[in-house]
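What follows is the residue order along each chain.
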Amino acid sequence: MAIDNETIKHVAHLARIELQQNELEKLSSQLHDIIGFIDKISNLDVENIAPASHILPISNVLREDNPQVSLTPEKALENAPDKKGNFFSVPKIIE
Amino acid sequence: MELNQLTAHELLAKLRNGSITAQAVFDALYQRINKVDDKVNAYVRRGNLENTAQKSANQTELLGLPVTIKDNICTEGLNTECCSKILQGFRPPYDATVINNLKRSGAGIFGLKANMDEFAFGSSTENSYFGSTHNPWNLDCVPGGSSGGSAAAVAADEAIWALGSDTGGSIRQPASFCGVVGLKPTYGRVSRFGLIAFASSLDQIGPITKDVEDAAILTRIIAGFDPNDSTSVNQSVPDYTKSLTNDIKGLKIAIPKEYFVEGLDPEVKAVVGEAVNKLAGLGAVIKPVTLAHTEYAVPVYYIIATAEASSNLARFDGVQYGFRAKSDNLIEMYKKTRAEGFGDEAKRRIMLGTFALSHGYYDAYYLRALKVRTLIKQDFDKVFSEFDCIVAPTSPSAAFKIGERASDPLKMYLSDIYTISVNLAGIPAISIPCGFTKNKLPVGLQIMAGAFNEEVIFKVGHTFEQNTEWHKLKTTKI
Amino acid sequence: MKFQTVIGLEVHLQLNTKTKAFCGCAIDFGQAPNSCVCPVCLGFPGTLPVYNKEALNSAIKVALAFNCQVQEHTKFDRKNYFYPDLPKNYQISQYDLPLSRNGHMYIYTENKPKCIGITRIHLEEDAGKLIHEETNSLVDFNRTGIPLIEIVSEPDLNSPQEAFDYLTGLKSIIEYLDVSDCDMEKGSLRCDANISLRPEGSSKLGVKTELKNMNSFKGVKDALQFETERQTELLLNNEQLAQETRLWDAEAGRTVSMRSKEGAKDYRYFPDPDLTLFNIDKTFVEGIRSRLPELPYEKMRRFIKDYSLSEYDAKILVSSKKDSQFAEECIKIYSEKDKKPLVNWLIGPLLQEAKVRKTVISELKIEKKELVNLIGFVQRQELSGLSAKTVLGQMIDTGKSAELLIKEGNLLQVSNLDDLNKIIETVIALNAKSVDDFKAGKSNALMFLVGQVMKKSSGKANPKIAGDLLRRRLSNA
């Protein structure tokens, strides 16, 4: 199926990736080919087949409600690109 | 032979009888790395070579012998960046479970991380932020990917043994390109806790080693139930070294006909054919079978894997760790960080995955792919109800030249055809060296088995090894 | 043209488990920012979730308490969107196979039961907290990963008052189960509302408006009231309503549109591959059901049956679990067959004392047997109602017994007929004019005379008995 520029732009926005115009065109063309290829699966009859959302036959994995040791704020923030006190800091959110 | 040229089991014997020290092994590795890694580029961030090595605290089983770790496995206090700009500087405050297992067994965690395709997206290690790794058998060629650094390091004797990760062939294919052994365990056999996720339902950590015995030892140590991983299976881990019996008489081996069609390099076909004959000569019973949905494996994989990846990689946004682009507001920060931080292949896969999950396309792509996945698994279940294992080529070709496929992503994806179905079905598979092309590039033989039947894989692989010499050959190019 | 209001409520509750939904961080409020976090709830690369068994148990209890069908197969899905309080930029939630569906709850807005459908109750995890500064926002992830359940009602509520009653009823049930603090002010209970209007008699739903940012049950009611009026006016003027999200501004007393450029959000839900499927077998569910505590409605019915309370009184008494326990213990100590006097004291003066002290009945510092004793004095007419109310306050303040306080305050009423008659004779003798007035038909005079008796007895005479005696005495003479 055809992937038009509008769709690509929308997908890029959903993925929060800024694409330059030349990137957009190149990506658009590559994705077009790839999607054309993966469209192959539409040939199969999957009417009564259950989706394999989990390949393992395990279920009901749970854990006990027992407290474990947490990180210190220092450790939690060690890799932070920007912080203020014990908070992570991000640029302002414009709606 | 230098210490770094030996296998782990040979070194362990020497460590046990006290004739060498673990430090001597480290030193031999440093020497080798200093000599050849400028050409091979198996390791990344080679700045402070000795300082970052983590020697083991205890002297149990592995006696301090170092293991090389792929850059997507979290090591506490040691940078773990998935060879991506977006994770630059990331130092995890915790160890992956496999690292804990290694430390408990007395292993040393090697202080340099192995190169990889960024976030494991690739089949050539050309997508690394730190540049390509070069195949030790031919420096103009790729080592395969995404665990190309791990495989090349082992092949070049820059590592004794290594851990890689495999989502669609990322351990097996580089192992086959580099003439070493690489195993992808059954999904759920090895904990994924601490493996920076690519595709959660497909990823597994596994060993890349010089021979099957080393793979058996290392697998046993990293495998096992982990309560921190909901997808880890609570099943006891056998002593895989007990499967190394050099006897496959009467074993039933299936050869899938869909793996021997057009697209398979004739030289690879010939070499693999010889290997199969060898197995027959050793007493195995060989029969052809069909894995009818093989042609759908690559498209199914690229829908499921990229969909999961698009969600797994959403957390790389500049907020808590890694690279953050300069920006005035939040949305701009997200978009610029991810635009500048991710390489092309990463962006391509995230876009594809986002598309496959998006409103209006979910049913036709993601949901449908999950159903076809069931069909692919059923193909394998059917074969394993009758056969002990499946044997096939690992890759349709030997190592290709660096740059040769970089501009054609689709062609690159198609080269995963023989390895991908294994991940989709969740079964284990190994690649072992079984010969060379005329250009002296290694060819790998893939052995697959039913879920949790790594034992038969080790048995067949080891038997083949004991009766051939391929795994003993070393490159002379570096 | 008359319009019908159609309201649906989405309530999010924080469960009061010891640890978070998917990791072992202890849930500890009021701690320094980013101190109750770990690599898992921070969404650090490589980490994986494992669901809290206790959270599942609590959620099933809630599902059963709201008469929902607990599904045999349930799973977690990822809800994908980008926001700084969401470390993984997806929330682990449930989409098409929620934990439970098709329940209901009764409200009594018009003093008769109305069934409100519950569409679904499902599991999620909480996000972090943001503090907005001028050029930056600060993120605290302590709250990230706390287990939530979301309770979605059918659009069966038809007035702001019904919505309010739904919330109080819901809170009451949750309190009885003891699975959440359900405190809107502390944020362990959050509510969003969906409201639309349609012409009365029409079956087609009108344009839906989502309301957010209400911080109290009253806020929800006020916001819905405002919206009803705003939308009615627009509709009467034939104006178009936009399908939008509006924020309640409690200070200004109005809703404001949240102008969003996004349009419909695409969350790209898909089953979370890091978590297994859950098969919940019927025996397990029935086990939980058999261990459910008595719920408000059941307790109400029991109070009516066992203690002959009126429905009205029973409803008030059961609305709070702890208060209902307090009440029932008092009822058990109270030996009279007719419990009404005790109940009147509980829902009257005692409730008032609690309100004045900004607390609840069960937290008042008063012994139940002392309360019952106090009421006994009133019942035996040894204490006037008015005095008793004062003593009640003193009992709570000082912890002294009713008996002691009555003695100290010299409050024991004179109900002894001989003593009263003596005082009455004295008053009659001193107030001949009033006596004449009464005999002349002025009934006010009697009240005056009763007042004089009260004065003469320093307030200790039982006014009712005094009045009766006076009336008889004066009618005879």
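Residues numbered from 1 in each chain as written. Chains lettered and ligands numbered in written order. Predicted model: local features only at pLDDT ≥ 70, side-chain atom pairs only at ≥ 80, totals over all residues.

Colleague: Report on the overall build of chain B, specifying residues and quantitative values.
Modeller: Scanning chain B for helices and strands turns up 14 helices and 11 strands. Computed over C-alpha atoms, the radius of gyration of chain B comes to 21 Å, within 12% of the 23 Å expected from 2.2 N^0.38 for 478 residues, which places it in the range of a compact globule. By its C-alpha atoms, chain B is 70 × 55 × 45 Å across when sized along the principal axes. When each of the 478 residues of chain B is scored for burial, the buried share is 66%. (Helix = DSSP H or I, 4+ residues; strand = E, 2+ residues; numbered from the N terminus. Rg over C-alpha atoms; globule rule 2.2 N^0.38 Å. Buried ≥ 20, exposed ≤ 12 C-beta atoms within 10 Å, placed from the backbone.)

Colleague: I'd love a proper account of the overall build of chain C, names of residues and values included.
Modeller: When helices and strands are counted, chain C shows 15 helices and 17 strands. At 30 Å, chain C has a C-alpha radius of gyration far larger than the 23 Å of a compact globule built from 477 residues. Going through the 477 residues of chain C one by one, you find that 43% of them count as buried. In chain C, the share of contacts with a sequence separation of at least 24, taken over all contacts with a separation of at least 6, comes to 68%. (Contact = placed C-beta atoms within 7 Å.)

Colleague: Describe the confidence of the model for chain C, with residues and values.
Modeller: Of the residues in chain C, 99% have a pLDDT of 70 or more, and the chain-wide mean is 92. Across the interface, the model reports ipTM at 0.96; the global pTM reads 0.92. (pLDDT = per-residue confidence, 0-100.)

Colleague: Describe the sheet that holds strand β11 (residues 442-448) of chain B, with residues and values.
Modeller: Residues and elements named next belong to chain B. With respect to topology, 11 strands assemble into an open sheet ordered β1-β3-β2-β4-β6-β5-β10-β11-β9-β7-β8, the strand pairing being mixed. If you trace the sheet from one side to the other, it starts and ends with β1 (43-44) and β8 (285-289), each paired once. Here 3 bridges tie strand β5 (residues 181-184) to strand β10 (residues 429-436), and the two strands are oriented antiparallel to one another. Pairing of K184 across the sheet is with A429, part of β10. (Pairing = 2+ DSSP bridges.)

Colleague: Quick rundown of the pairing of β5 of chain B? Include the residues and the values.
Modeller: Regular strands place side chains that alternate from one sheet face to the opposite one. Residue and element names in this part refer to chain B. Alternating residues of β5 divide into V181 and L183 and G182 and K184, and every residue in both groups is buried. Note: β5 against strand β6 (residues 204-209), 2 bridges, orientation antiparallel. Note that in β6 the partner of G182 across the bridge is I208.

Colleague: If you had to explain unusual backbone geometry to someone new, which residues and values would you point to?
Modeller: Keep in mind that most residues, glycine aside, have a negative phi and that most peptide bonds are trans. Residues and elements named next belong to chain B. G145 connects to S146 through a cis peptide bond whose omega is 10°. Structurally, S146 can be placed in the loop between β3 (108-114) and α4 (148-155). The residue C83 is not glycine, and still its phi comes out positive at about 50°. Its location among the elements puts C83 in the loop between β2 (66-70) and α3 (97-104). With 32 C-beta atoms packed within 10 Å, C83 lands in the buried category.

Colleague: Can you break down the nonpolar core residue by residue, with the values?
Modeller: Ranked by size, the top nonpolar core spans 181 residues in total, and within it L65, V300, I303 and C389 of chain B carry the most contacts. Top element by residues in this core is helix α8 (residues 297-312) of chain B. It accounts for 10 residues. Ignoring any residue separated from it by four or fewer positions in sequence, one finds I303 of chain B in contact with I38 of chain A together with A356, Y365, Y366 and A369 of chain B. Core analysis: the second largest hydrophobic core is formed by 78 residues, I27, C36, A63 and L123 of chain C among them. (Core = buried A, V, L, I, M, F, W, Y, C linked by C-beta atoms within 7 Å.)

Colleague: A description of the packing of α8 of chain B against helix α11 (residues 363-384) of chain B should follow, citing residues and the corresponding values.
Modeller: All names here are of chain B. The geometry of α8 relative to α11 is characterised by a closest axis approach of 9 Å and an angle of 125° between their N-to-C directions. Comparing the axis directions of α8 and α11 gives the class oblique. For α8 against α11, the interelement crossing comes out left-handed. On α11, the residues that touch A297, V300, I303, I304 and A307 of α8 are Y365, Y366, A369, L370, V372, R373 and I376. (Axes fitted to C-alpha atoms, helices over the stretch in contact; angles between N-to-C directions. Parallel < 35°, antiparallel > 145°, perpendicular 65-115°, else oblique. Left-handed = near helix turned anticlockwise from the far one by under 90°.)

Colleague: Before we move on, could you go through helix α1 (residues 5-14) of chain A and cite the residues and values that matter?
Modeller: Within α1 of chain A, burial applies to I8, V11, A12 and L14 of chain A. All buried residues of α1 of chain A lie within an arc of 160° about the axis, which places them on one face of the element. Residues of α1 of chain A that are exposed and point over 90 degrees away from its buried face: N5 and E6 of chain A. On the buried face of α1 of chain A, the contacting elements are α2 (21-38) of chain A together with α10 (344-357) of chain B. (Arc of directions from axis to C-beta.)

Colleague: Tell me about α10 of chain B, and please be specific about residues and values.
Modeller: In this model, α10 of chain B (14 residues) spans 20 Å end to end at C-alpha, consistent with the 20 Å of a helix rising 1.5 Å per residue. Judged by how many residues are buried, α10 of chain B sits mostly within the fold: 13 of 14 residues are covered. (Expected span 1.5 Å × (residues − 1).)

Colleague: Can you break down the sheet that holds strand β10 (residues 136-140) of chain C residue by residue, with the values?
Modeller: Taking strand neighbours across the sheet as the criterion, the 4 strands line up as β2(A)-β3(A)-β10(C)-β9(C) in an open arrangement whose pairing is antiparallel. Pairing within the sheet leaves two strands with one partner each, and these edge strands are β2 (83-84) of chain A together with β9 (129-132) of chain C. Direction of pairing for strand β3 (residues 87-91) of chain A relative to β10 of chain C: antiparallel, over a ladder of 4 bridges. Bridging across to β10 of chain C, V90 of chain A finds its partner in S137 of chain C.

Colleague: With reference to specific residues and values, describe the interface of chain B and chain A.
Modeller: Interface size, as often reported, equals the accessible area lost upon joining of the parts. In this assembly, 56 residues from chain B lie in contact with 44 residues from chain A. When contributions to the side of chain B that touches chain A are tallied by element, the ones reaching two or more residues are α8, α9 (330-341), α10, α11 and α12 (409-414) of chain B. Counting residues per element, the side of chain B that touches chain A draws most heavily on α11 of chain B, at 11 residues. Of the residues in the side of chain B that touches chain A, the class split is 29 nonpolar, 14 polar and 13 charged. (Nonpolar A, V, L, I, M, F, W, Y, C, P; charged D, E, K, R; others polar.)

Colleague: Give me the interface of chain B and chain C: which residues, what numbers.
Modeller: Facing the 33 residues of chain B at the interface are 25 residues of chain C. Mapped by element, the contributors of at least two residues to the side of chain B that touches chain C are α8, α9 and α10 of chain B. Ranked by residue count, the leading element in the side of chain B that touches chain C is α8 of chain B, at 3 residues. Considering only residue class, the side of chain B that touches chain C consists of 17 nonpolar, 11 polar and 5 charged.

Colleague: Let's hear about the packing of helix α13 (residues 432-439) of chain C against helix α14 (residues 444-456) of chain C: which residues, and what values?
Modeller: Packed helices, taken two at a time, are described by their axes: the angle between them and the distance between them. Residue and element names in this part refer to chain C. Orientation of α13 relative to α14, taken along the N-to-C sense of each, is 145°, at an axis distance of 8 Å. Two packed elements cross with a definite hand, and for α13 against α14 that hand is left-handed. Where α13 abuts α14, its residues S434, D437 and F438 lie against A445, L446, F448 and L449. Of the residues that constitute the contact of α13 with α14, the class distribution is 5 nonpolar, 1 polar and 1 charged.

Colleague: So what about the domain arrangement of chain C? Which residues, and what values?
Modeller: Under the domain assignment, chain C is made up of domain 1 (3-287), domain 2 (294-408) and domain 3 (417-476). Domain 1 of chain C and domain 3 of chain C are separated by 65 Å when their C-alpha centres are compared. (Domains from an automatic or database assignment.)

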